[in-house]
Amino acid sequence: MIAILKKELWSYFGNWSAWIIIAAFSLIATLFLFFFDNDSNIFEIGQASLQSYFVLVPWLLMFIIPALSMKTFAEEQQTGTLNWLFSQPLKVSELVTGKFLSVWIVGILCLIPSLIYLYTIYVLGVPEGNIDLGMTFGSYIGLVILIAAFSGVGILASSLSQNQIMAYLLGVFMCFIMYFGIEQLASYKLLGGADFILQNIGFYQHFLGFTRGLIDLKDVAYFILVIGASLVLSNHFINKKK
């Protein structure tokens, strides 16, 4: 698993793809938070808070994480190297876990430049330091867990696909449905009491607690369950390709 993790990280950083993705992610976030005229602009909000960043980032991650995960298995199958991996002395579960961890790590690295935003808001606050650090750090923990969930879904999409384009589109679709689609379906209140159950199947409600600074073990357990289910299903579909 460690060998697969190193190989995947090298493939991301060795050909500049990870650097480009991190730079693009940071540039888009900066434009929305400080330059574009929109509801996420921190200067227009007039509050010493990163809440608009934590609202914006999941939408960016829906497109960024599938871009990272699409190559994990779809490219291996497309180029024929998946059969070579099967011939190596490693378990499919180790292969899946190694690739998952590589996507998760690169996804987390996308958040590192945002520490500049945190410092900027901390300094610009009146008085200086007038920012809810508990809520901010809780939101960061939520983002790290959400990235893991998106990574698991992206790996699953790649294991189901024959090529990278299909893997990317399927990954974006699945992430969108899990984060926003289910939440919107529940908001129509078409199922009566079952709407509450439907609402809690999606990512949004469980991530919302973190953005308020609340780290609930139920939310953590939910994401662990989703990640575990995604990896188990990925393992199953990759085994079927042997």
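Here the structure is a predicted model, which is why all the values come from computation and not from measurement.

For the protein chain, the count of helices and strands is 13 helices and zero strands. In the protein chain, the succession of α and β elements from N to C terminus is α-α-α-α-α-α-α-α-α-α-α-α-α. Against the compact-globule benchmark of 18 Å for 242 residues, the protein chain has a radius of gyration of 19 Å, which places it among compact chains. A total of 242 residues make up the protein chain; the buried ones form 46% of that total. Looking at the protein chain alone, contacts between residues at least 24 apart form 75% of all its contacts between residues at least 6 apart. When the accessible surface of the protein chain is split by element, carbon and sulfur atoms take 71% of a total near 12100 Å². Computing the positive centroid from 11 side-chain charges and the negative centroid from 13, the protein chain places the two 17 Å apart.

Helix length check: helix H4 (residues 51–69), at 19 residues, gives a terminal C-alpha distance of 27 Å against a target of 27 Å (1.5 Å per residue), a fit within 8%. At Leu-61, H4 shows its maximal bend, which comes to roughly 35°. By the criterion of burial, H4 is predominantly enclosed, with 14 of the 19 residues buried.

Between two packed helices, what matters for the description is the angle formed by their axes and the separation of those axes. Where helix H9 (residues 133–160) meets helix H10 (residues 164–187), the axes come as close as 8 Å, and the angle between the chain directions of the two elements is 140°. By the criterion of interaxial angle, the relationship of H9 to H10 is oblique. Remark: the crossing between H9 and H10 carries right-handed chirality. On the side of H9, the interface is formed by Leu-146, Phe-150, Val-153, Leu-156, Ala-157, Ser-158 and Leu-160, while H10 contributes Ala-167, Leu-170, Gly-171, Met-174, Cys-175 and Tyr-179. Classifying every residue of the contact of H9 with H10 gives 11 nonpolar, two polar and no charged.

Of note in this structure, Trp-16 is not a glycine but carries a positive phi near 75°. Checked against the element boundaries, Trp-16 lands in the loop between helix H1 (2–14) and helix H2 (17–35). The exposure class of Trp-16 is exposed, given its relative accessible area of 58%.

On to the UniProt feature "transmembrane region" (unreviewed entry) in the protein chain. According to UniProt, the feature "transmembrane region" (unreviewed entry) maps to residues 12–36, 48–68, 100–125, 137–158, 165–182 and 220–238 in the numbering used here. Overall, residues 48–68 shows 86% helix and 0% strand. The separation of its end C-alpha atoms is 32 Å.

Let us look at the nonpolar core. Core analysis: the biggest nonpolar cluster contains 63 residues, and Phe-25, Leu-50, Tyr-53, Leu-143, Phe-150, Phe-203 and Phe-223 have the highest contact counts within it. The leading source of residues in this core is H9, at 12 residues. Beyond its immediate stretch of four places on either side in the chain, Phe-25 contacts Tyr-53, Val-57, Leu-60, Leu-61, Ile-64, Cys-110 and Leu-111.

With respect to the helices and strands, the residue Lys-71 is situated in the loop between H4 and helix H5 (74–79). The class for Lys-71 is buried, based on a relative accessible area of 15%. Reaching out from Lys-71, the side chain makes a polar contact with the side chain of Ser-11 at a distance of 3.2 Å. Excluding residues that lie within four positions of it along the chain, Lys-71 makes contacts with Glu-8, Ser-11, Tyr-12, Glu-76, Ser-158 and Gln-164.

For the α-helix, the turn length of 3.6 residues means that residues three or four positions removed from each other point alike. Its 18 residues place the ends of helix H7 (residues 92–109) 26 Å apart at the C-alpha level, agreeing with the 26 Å of an ideal helix rising 1.5 Å per residue. Within the span of H7, buried status applies to Val-92, Leu-95, Val-96, Gly-98, Lys-99, Phe-100, Ser-102, Val-103, Val-106 and Gly-107.

Here the UniProt-annotated "domain: ABC-2 type transporter transmembrane" (unreviewed entry) positions come out as residues 46–180. End C-alpha atoms of residues 46–180 are separated by 27 Å, and the span's content is 78% helix alongside 0% strand.

Let us look at the pattern of salt bridges. Following the criterion strictly, the structure yields six salt bridges and no others. Ionic pairing is found between Lys-7 and Glu-76, a salt bridge with its closest N-O pair at 3.2 Å. Of this pair, Lys-7 sits in helix H1 while Glu-76 sits in helix H5, and the two are 69 residues apart along the sequence. Accessibility expressed as a relative area gives 38% for Lys-7, which makes it partly exposed. The exposure class assigned to Glu-76 is buried, which follows from its relative accessible area of 7%. A salt bridge links Glu-8 to Lys-99; the shortest N-O distance between them is 2.7 Å. Within this pair, whereas Glu-8 is found in helix H1, its partner Lys-99 is found in helix H7, the two being separated by 91 residues in sequence. Both residues of the pair, Glu-8 and Lys-99, belong to the buried class. Among the charged side chains, a salt-bridge network with shared partners connects Lys-7, Glu-8, Lys-71, Glu-75, Glu-76 and Lys-99.

The rules we used
Residues numbered from 1 in each chain as written. Predicted model: local features only at pLDDT ≥ 70, side-chain atom pairs only at ≥ 80, totals over all residues. Heavy atoms only, no water. Helix = DSSP H or I, 4+ residues; strand = E, 2+ residues; numbered from the N terminus. Rg over C-alpha atoms; globule rule 2.2 N^0.38 Å. Buried < 20%, exposed > 50% of the residue type's maximum accessible area, 1.4 Å probe, protein only. Contact = heavy atoms within 4.5 Å. Areas by Shrake-Rupley, 256 points an atom, 1.4 Å probe, with all protein chains shown as cover. Lys, Arg positive; Asp, Glu negative; His and termini not counted. Charge placed at Lys NZ, Arg CZ, Asp CG, Glu CD. Expected span 1.5 Å × (residues − 1). Bend = angle between axes of the 7 residues up to and from the residue. Axes fitted to C-alpha atoms, helices over the stretch in contact; angles between N-to-C directions. Parallel < 35°, antiparallel > 145°, perpendicular 65-115°, else oblique. Left-handed = near helix turned anticlockwise from the far one by under 90°. Nonpolar A, V, L, I, M, F, W, Y, C, P; charged D, E, K, R; others polar. UniProt positions renumbered as here; feature names shortened; annotations may be inferred. Core = buried A, V, L, I, M, F, W, Y, C linked by side-chain atoms within 4.5 Å. Polar contact = N/O pair within 3.5 Å; in protein donor to acceptor, adjacent residues only side chain to side chain. Salt bridge = Lys/Arg side-chain N within 4 Å of Asp/Glu carboxyl O.

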